[in-house]
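# A structural walkthrough
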Amino acid sequence: MLNVYTDTSVIGGCFDHEFKDHSQALWEEFRNGIKKLILSDLVRMELDGARKEVKAKLTEVPSIYKVNIKTTVKASKLAEVYIAEGALSNKCYNDALHIALATLHSADILASWNFKHIVNLDKIKLYNSINLRMGYRLIEIRTPREILKPNDHEKK
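Residues numbered from 1 in each chain as written. Predicted model: local features only at pLDDT ≥ 70, side-chain atom pairs only at ≥ 80, totals over all residues. Heavy atoms only, no water.

This brings us to the overall build of the protein. The helix and strand inventory of the protein stands at eight helices and five strands. Reading the protein from its N end, one meets helices and strands in the order β-α-α-β-α-α-β-α-α-β-α-β-α. For the protein, the C-alpha radius of gyration of 15 Å lies close to 15 Å, the compact-globule estimate for 156 residues. Seen through its principal axes, the protein has C-alpha atoms that stretch 40 × 40 × 30 Å. Expressed as a percentage of contacts within the protein between residues at least 6 apart in sequence, the contacts between residues at least 24 apart total 73%. Per element, the accessible surface of the protein, about 8,300 Å² overall, is 52% carbon and sulfur. (Helix = DSSP H or I, 4+ residues; strand = E, 2+ residues; numbered from the N terminus. Rg over C-alpha atoms; globule rule 2.2 N^0.38 Å. Contact = heavy atoms within 4.5 Å. Areas by Shrake-Rupley, 256 points an atom, 1.4 Å probe, with all protein chains shown as cover.)

What follows is the structure in structure tokens.
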């Protein structure tokens with residue numbers, strides 16, 4: 001079972017016309033135990049001001065298929081290194097922290113719709129070069145569409 005760290009864009013994507021189908025399909029895989037959701041305190045904090053139905057998405061995944069994680073000093077320091085080395089700007093601290101949390105909590109993959117700061121090939125290369133140099137693992141970063149289990153009709 002894949003452990004998937006999802007950032008806030010995936011949850012919001014369940015209610016966005018452009019991203020709804022793939023976000024909902026990933027959520028369905030979490031609900032059915034095909035994949036395990038890694039949910040951080042950072043995502044919960046970012047959802048504080050969200051609409052009620054967006055917050056309610058978190059309760060749809062049974063606790064057996066959900067891992068709740070907390071921000072650590074180590075994750076904060078790794079996020080600061082991403083920024084110091086130019087992978088992201090200071091304005092993007094939360095994005096850097098999402099990547100650090102996924103890296104340090106052994107997520108198999110980070111799912112996001114944030115193409116500017118997270119699902120961006122050049123930036124992924126930077127994150128991973130920093131991770132390797134600091135003795136951390138590589139992190140896979142993809143959109144929900146890319147990590148969905150193929151349906152039988154798609155296997156060809």
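Should pLDDT be low for a region, the predicted coordinates there are not to be read in detail. On average, residues of the protein score 94 in pLDDT, and 96% of them reach the 70 mark or higher. Counting interchain partners and residues more than four positions distant, the pLDDT-below-50 stretch residues 152–156 has one contact. (pLDDT = per-residue confidence, 0-100.)

Moving on to the side chain of His 117. Tracing the chain through its elements places His 117 in the loop between strand S4 (109–111) and helix H7 (121–133). For His 117, a relative accessible area of 18% gives the class buried. For His 117, the side chain forms a polar contact with the side chain of Asp 95, separated by 3.1 Å. Leave out the neighbours within four places in its chain, and His 117 touches Leu 88, Cys 92, Asp 95, Ile 99, Lys 123 and Tyr 127. (Buried < 20%, exposed > 50% of the residue type's maximum accessible area, 1.4 Å probe, protein only. Polar contact = N/O pair within 3.5 Å; in protein donor to acceptor, adjacent residues only side chain to side chain.)

All right, on to the packing of helix H5 (residues 73–84) against H7 then. Two elements in contact, H5 and H7, have axes whose closest approach is 10 Å; the angle formed by their N-to-C orientations is 125 degrees. Looking at the two axes, H5 sits oblique to H7. The crossing of H5 and H7 is right-handed. In this structure, H5 uses Leu 78, Val 81 and Tyr 82 to contact H7, whose residues at the interface are Tyr 127, Ile 130 and Asn 131. Classifying every residue of the contact of H5 with H7 by side-chain character gives five nonpolar, one polar and no charged. (Axes fitted to C-alpha atoms, helices over the stretch in contact; angles between N-to-C directions. Parallel < 35°, antiparallel > 145°, perpendicular 65-115°, else oblique. Left-handed = near helix turned anticlockwise from the far one by under 90°. Nonpolar A, V, L, I, M, F, W, Y, C, P; charged D, E, K, R; others polar.)

Bringing the pairing of strand S1 (residues 2–6) into the picture now. In this structure, S1 lies alongside strand S2 (residues 35–40), joined through four bridges in parallel fashion. Directly across from Leu 2, in S2, lies its bridge partner Lys 35. In this structure, S1 lies alongside S4, joined through three bridges in parallel fashion. By the bridge assignment, Tyr 5 is partnered in S4 with Leu 110. (Pairing = 2+ DSSP bridges.)

Take the sheet that holds S1 next. Spatial ordering of the open sheet is given by S3-S2-S1-S4-S5, a layout of five strands whose pairing is parallel. Either end of the sheet is taken by a strand with one partner, and the two such strands are strand S3 (66–69) and strand S5 (141–142). Helix-sheet contacts for helix H2 (residues 20–31) involve S1, S2 and S4, and the interaxial angle to S2 is about 105 degrees.

For S2, the buried fraction is high: five of the six residues fall into the buried class. Summarising the sheet, S2 and S3 pair through four bridges and their orientation is parallel. By the bridge assignment, Leu 39 is partnered in S3 with Asn 68.

To continue, consider the packing of aromatic side chains. Summed over the entire model, instances satisfying the criterion amount to five aromatic pairs. Arranged with centres 6.4 Å apart and planes meeting at 40 degrees, the rings of Phe 19 and Phe 115 form a pair that is tilted. Remark: Phe 115 occurs in the loop between S4 and H7 and Phe 19 occurs in the loop between helix H1 (8–13) and H2; sequence separation between them is 96 residues. Owing to a relative accessible area of 16%, Phe 19 belongs among the buried residues under this scheme. Consider the rings of Trp 27 and Phe 30, whose centres lie 5.4 Å apart with planes at 85 degrees: the pair is edge-to-face. Taken together, the positions of Trp 27 and Phe 30, both in helix H2 and three residues apart, correspond to about one turn of that helix. (Phe/Tyr/Trp six-rings, centres within 6.5 Å; stacked < 30°, edge-to-face > 60°.)

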